[in-house]
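As a plain string of letters, each chain reads:
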Amino acid sequence: QSRLLASLKKGIDSSLRGKIWMFLSKSFESYKRSKNSNNSYQSLLERTNPEAEELISRDIHRTFLNHKRKEMFPVDSDKLYRVLKGYSIIDPEIGYCQGTNTIVGTILQCIGKEEFCFWTFHNMMKENNWRDFFIQKTPKLFRMVKVIKENIKTRLKDLYDYFISIKFDDYLDIIFSQLFLTLFTYNCPLELSFRII
């Protein structure tokens, strides 16, 4: 048990992380199933979603806006664009939403091949129900923010009381929204984002 705990604290070796994400998300199975179907990655890219494509084009440059981070971890904007476009085609209800660009950009850092990145992201959204953050009325976002607020209220009562006293408690929704909508990939150091994902 102590060995497992030490390994968890150390984290996954960066050379294995992408493969482990693919294994856990079952992206290779999805890739194989889709190979000869209408939903193969290549066939998705042949279709168009003009509204989503325009939004993606505008947002690409905002991915990893932090200049220091951009120098250290360059994002291939062409790959990023194609993965986001492919997702907007396969899941038209979600299409493209702000925040998904940094999630996909982070996944691309570990899984260099864009098609596997696409299926990893797709399965995270579908199998792990992360898409509920992005559907209309964002039900999962409200659930998660409520859980965080309840935890602050019960575990950090003094802090919560202080927020109430300065009428700041309503702003907690805003503070945590961006963190959840980007799965902590926008504001956190990349290594921490990897661990969270």
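Report follows, based on the coordinates. Being a predicted model, the structure only gives us computed values, none of them experimental. (Residues numbered from 1 in each chain as written. Predicted model: local features only at pLDDT ≥ 70, side-chain atom pairs only at ≥ 80, totals over all residues. Heavy atoms only, no water.)

**Concerning the environment of Ile-90**
The topology assignment puts Ile-90 in helix α7 (residues 77-90). Measuring from C-alpha to C-alpha, the distance between Ile-90 and Leu-172 comes to 33 Å, with 82 residues separating the pair along the chain. Excluding anything up to four places from it in sequence, Ile-90 contacts Asn-39, Leu-44, Phe-118, Trp-119 and His-122. (Helix = DSSP H or I, 4+ residues; strand = E, 2+ residues; numbered from the N terminus. Contact = heavy atoms within 4.5 Å.)

**Notes on the packing of aromatic side chains**
One pass over the structure, following the stated rule, counts 13 aromatic pairs. Measuring from ring centre to ring centre gives 5.0 Å for Tyr-87 and Phe-121, while their planes differ by 70°; the resulting arrangement is edge-to-face. In this pair, Tyr-87 sits in helix α7 while Phe-121 sits in helix α9 (residues 114-127), placing the two residues 34 residues apart along the sequence. Each member of the pair, Tyr-87 together with Phe-121, is buried. Residues Trp-130 and Phe-133 carry aromatic rings whose centres are separated by 5.0 Å and whose planes lie at 10° to one another, so their mutual orientation is stacked. (Phe/Tyr/Trp six-rings, centres within 6.5 Å; stacked < 30°, edge-to-face > 60°. Buried < 20%, exposed > 50% of the residue type's maximum accessible area, 1.4 Å probe, protein only.)

**Notes on the side chain of Thr-182**
Its location among the elements puts Thr-182 in the loop between α12 (172-181) and α13 (190-196). The buried category is assigned to Thr-182, whose relative accessible area is 6%. Apart from the residues lying within four places of it in its own chain, the contact partners of Thr-182 are Gly-99, Thr-102 and Ile-103.

**Some thoughts on the nonpolar core**
In this structure, Val-104 and Ile-107 are the most contacted members of the largest nonpolar core, which totals 45 residues. In terms of residues, this core owes the most to one element, α9, which gives seven residues. When residues no more than four places from it in sequence are discounted, the contact partners of Ile-107 are Trp-21, Cys-117, Thr-120, Phe-121 and Met-124. (Core = buried A, V, L, I, M, F, W, Y, C linked by side-chain atoms within 4.5 Å.)

**Examining the environment of Ile-60**
Looking at where Ile-60 falls in the secondary structure, it is placed in the loop between α5 (50-59) and α6 (67-72). Classification of Ile-60 by relative accessible area gives buried; the value is 15%. Residues contacting Ile-60, with those up to four places away along its chain left out, are Ser-77, Leu-80, Tyr-81 and Leu-84.

**Overview of a nonpolar patch on the surface**
A cluster of nonpolar side chains, Leu-156, Leu-159, Tyr-162 and Ile-166, forms an exposed patch at the surface whose accessible area comes to about 370 Å². Here Tyr-162 shows up in helix α11 (residues 157-165). For Tyr-162, a relative accessible area of 47% gives the class partly exposed. (Patch = residues over 30% accessible without salt bridge, like charges linked within 9 Å, V, L, I, M, F, W, Y side chains within 5 Å. Areas by Shrake-Rupley, 256 points an atom, 1.4 Å probe, with all protein chains shown as cover. Salt bridge = Lys/Arg side-chain N within 4 Å of Asp/Glu carboxyl O.)

**Topic: the pattern of salt bridges**
Going through the model one piece at a time under the given rule, you end up with eight salt bridges. The shortest N-O distance in the salt bridge between Glu-191 and Arg-17 comes to 2.9 Å. In this pair, Glu-191 is assigned in helix α13 and Arg-17 in helix α2 (residues 14-25), connecting sequence segments 174 residues apart. A relative accessible area of 41% places Glu-191 in the partly exposed class. Between Asp-91 and Arg-131 there is a salt bridge, with the nearest N and O atoms lying 2.8 Å from each other. Taken together, the positions of Asp-91 in the loop between α7 and α8 (100-110) and Arg-131 in the loop between α9 and α10 (139-155) put the pair 40 residues apart, joining distant regions of the chain. Like Asp-91, the residue Arg-131 is buried in the burial classification. One network of salt bridges, with partners in common, ties together Asp-91, Glu-93 and Arg-131.

By themselves, these observations are geometric and do not establish any function.
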